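Residue strings, one per chain:
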Amino acid sequence: MELLKKISVSMLVILGCANTAGTSFASDTITAAEIEHFEHTWESWTRDIVKEIHPGLKLTVIARMEFSQSPEQLETYEEMKTIGHLPGLPEVNDPNYTRPLDSPLYALIARKHIRVILHEAIPAAEKALIEEVIRAKMKILSGDQFSTEIIPVAEKTGPERNPSAAVILLALLGLGVAMIVRRRVRLETTPLPSSAPAKITPTEVPALVSPTPAARSPIPANHQIMTSDPSARRLALSREKIDVLAKASLNCSTRFTNQILGGLDQARFDLVNQWLVQNQRIVTLAESNYARLLLSARIQQIENQKLISAISSLKTRTKNQENSL
């Protein structure tokens, strides 16, 4: 009888040890390194999805996975690991995948926990689009937990400096400069005693320096064109190149454009319109200013020629009158 009791107790101990070993097997099947790498791939994948929609958006992703405790699934996963492991060598986890769908752990997921934190405010429609794309690509099910929230993060600034020392230093410098200037003014304005008249040497006589005239700003070319002689302007418009006239009529007031185009004959007016239609591109302000400068120079040249001709005719007439006398 005592032998039978000992055998029964031994069997119970063996069965208890077997059950304990089965429970520890379920918890030791997936290592912490595998879980860490697997969750990291979910976070990277989520960031890539958001960056495709909003490239400059700053965000933080937190992913956590709950795995199945089904003995059949855990045993299948353990067999997959055993097939890829060579006997006699230490076990090495294989993290050579960048998408969680490529990992054998994907089949063991029981519930996903994904939290997306946006660090700047975005429109509600764009936020809804991001959530919809993530749910579709990552196959977020009703039992999974997925959330998106906006938590702005203040930008880091440089360390705050106490400006009191700099302010005091600047104040002292300003006070010193003011005292030096006041002392010089006082010495220059204080009259000398009558008993000791001052001798003025040639070196002490201040030199008279003629003030330099202020630089005058150049007159804009469009103003020169508008105020030019109408006959000289019409002659310049008839001689100037078509592209110069077209560029000069752009990037300016409507009154100036009408002044240029209104001075053209019908044939040159049509040529300017054809150039604008054939060259459908953006003419910059610099190009227009340069074209107006060329047109102004041509008008000035014509006016100079008229002035020279008038002077020459006047000299000829005066000479003829002197010869007649």
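It should be emphasised that the depicted structure is a prediction, and the values quoted were computed from it without experimental measurement.

Peer 1: Please clarify how the pattern of salt bridges should be interpreted in this entry.
Peer 2: When their charged atoms lie close together, side chains carrying opposite charge are able to pair. Here the structure, examined in full by the defined rule, presents eight salt bridges. For Arg-115, the salt bridge is made with Glu-149, and the minimal N-O distance between the two is 2.4 Å. With Arg-115 in strand E2 (residues 109–118) and Glu-149 in strand E3 (residues 145–150), the pair connects residues that are 34 residues apart, well separated along the chain. Using a relative accessible area of 33% as the deciding quantity, one classes Arg-115 as partly exposed. The salt bridge partner of Glu-131 is Lys-127, with a shortest N-O separation of 2.9 Å.

Peer 1: It is not clear to me how a nonpolar patch on the surface should be interpreted in this structure. Could you clarify?
Peer 2: Taken together, Tyr-290, Leu-293 and Leu-294 make up a surface patch of nonpolar side chains, about 300 Å² in accessible area. Looking at the element boundaries, Leu-294 is found in helix H11 (residues 285–324).

Peer 1: I tried to follow the nonpolar core on my own but got confused; where do I start?
Peer 2: Where a protein is soluble and globular, its nonpolar side chains tend to be buried together. Residues Phe-38, Trp-42, Met-65, Ile-114, Ile-134 and Met-138 are the most contacted members of the largest nonpolar core, which totals 27 residues. When residues of this core are traced back to their parent elements, those giving at least two are helix H2 (32–53), strand E1 (59–67), helix H3 (71–83), E2 and helix H4 (124–137). Apart from the residues lying within four places of it in its own chain, the contact partners of Trp-42 are Ala-63, Met-65, Pro-100, Tyr-106, Ile-109, Lys-112, Ile-114 and Met-138. Within the second largest apolar cluster, 20 residues are counted, among which are Val-244, Ala-246, Ala-248 and Leu-261.

Peer 1: So what exactly am I meant to see when it comes to unusual backbone geometry here?
Peer 2: In most cases, non-glycine residues show a negative phi, while peptide bonds are predominantly trans. At Lys-139, a position not held by glycine, the phi torsion is positive, near 55 degrees. Relative to the helices and strands, Lys-139 is located in the loop between H4 and E3. Assessed through its relative accessible area of 46%, Lys-139 is described here as partly exposed. Located in the positive-phi region is Asn-251, a residue other than glycine, with phi close to 55 degrees. Within the secondary structure, Asn-251 sits in the loop between helix H8 (242–248) and helix H9 (254–262).

Peer 1: In this structure, what is going on with the environment of Arg-255? I would like to understand it.
Peer 2: In this fold, Arg-255 is placed in helix H9. Look at Arg-255 and you get exposed, because its relative accessible area is 62%. Through-space distance from the C-alpha of Arg-255 to that of Met-226 is 9.7 Å; in sequence the pair is 29 residues apart.

Peer 1: Please explain the packing of H2 against H4 as it appears in this structure.
Peer 2: It is the contact of H2 with H4, at a shortest axis distance of 10 Å, that shows an interaxial angle of 140 degrees. On the basis of their axis angle, the class for H2 and H4 is oblique. As H2 packs across H4, the resulting crossing turns out to be right-handed. From H2, Trp-45, Thr-46, Ile-49, Val-50, Glu-52 and Ile-53 reach across to H4, where they touch Glu-126, Leu-129, Ile-130, Val-133, Ile-134 and Lys-137. The residue makeup of the contact of H2 with H4, split by class, is eight nonpolar, one polar and three charged.

Peer 1: Can you walk me through the sheet that holds E1 in this structure?
Peer 2: The strands making up a sheet associate through hydrogen bonds between their backbones, and the pairing can be parallel or antiparallel. The mixed open sheet is built from three strands, whose spatial order is E1-E2-E3. At either end of the open sheet lies a strand with only one pairing partner, and these are E1 and E3. For this sheet, the mean inter-axis angle between neighbouring strands, taken without regard to orientation, is 10 degrees. Bridge count between E1 and E2: nine bridges; the pairing is antiparallel. What sits directly across from Met-65, in E2, is Lys-112. Relative to the sheet, H2 contacts E1 and E2, its axis offset from that of E1 by approximately 140 degrees. Each of E2 and E3 is contacted by H4, which is oriented at about 155 degrees to E3, the strand it contacts most.

Peer 1: Help me understand the packing of aromatic side chains in this model?
Peer 2: Given two aromatic rings, one states the distance between the centres and the angle between the planes to describe the pair. For the structure on display, the rule yields four aromatic pairs. On the basis of an interplanar angle of 45 degrees and a centroid distance of 6.0 Å, the ring pair of Phe-38 and Phe-67 is categorised as tilted. With Phe-38 in helix H2 and Phe-67 in strand E1, this residue pair connects regions lying 29 residues apart in the sequence. Residue classification places Phe-38 among the buried positions, given a relative accessible area of 0%. Counting every residue linked through ring pairs, the aromatic cluster contains Phe-38, Trp-42, Trp-45, Phe-67 and Tyr-106.

Peer 1: Can you walk me through the side chain of His-113 in this structure?
Peer 2: Among the secondary structure elements, His-113 is positioned in strand E2. The exposure class of His-113 is buried, given its relative accessible area of 9%. Side-chain polar atoms of His-113 contact the side chain of Glu-66, separated by 2.8 Å. A polar contact is formed between the side chain of His-113 and the side chain of Gln-145, at a distance of 2.8 Å. Not counting chain neighbours up to four residues away, the residues in contact with His-113 comprise Ile-62, Ala-63, Arg-64, Glu-66 and Gln-145.

What counts as what
Residues numbered from 1 in each chain as written. Predicted model: local features only at pLDDT ≥ 70, side-chain atom pairs only at ≥ 80, totals over all residues. Heavy atoms only, no water. Salt bridge = Lys/Arg side-chain N within 4 Å of Asp/Glu carboxyl O. Helix = DSSP H or I, 4+ residues; strand = E, 2+ residues; numbered from the N terminus. Buried < 20%, exposed > 50% of the residue type's maximum accessible area, 1.4 Å probe, protein only. Patch = residues over 30% accessible without salt bridge, like charges linked within 9 Å, V, L, I, M, F, W, Y side chains within 5 Å. Areas by Shrake-Rupley, 256 points an atom, 1.4 Å probe, with all protein chains shown as cover. Core = buried A, V, L, I, M, F, W, Y, C linked by side-chain atoms within 4.5 Å. Contact = heavy atoms within 4.5 Å. Axes fitted to C-alpha atoms, helices over the stretch in contact; angles between N-to-C directions. Parallel < 35°, antiparallel > 145°, perpendicular 65-115°, else oblique. Left-handed = near helix turned anticlockwise from the far one by under 90°. Nonpolar A, V, L, I, M, F, W, Y, C, P; charged D, E, K, R; others polar. Pairing = 2+ DSSP bridges. Phe/Tyr/Trp six-rings, centres within 6.5 Å; stacked < 30°, edge-to-face > 60°. Polar contact = N/O pair within 3.5 Å; in protein donor to acceptor, adjacent residues only side chain to side chain.

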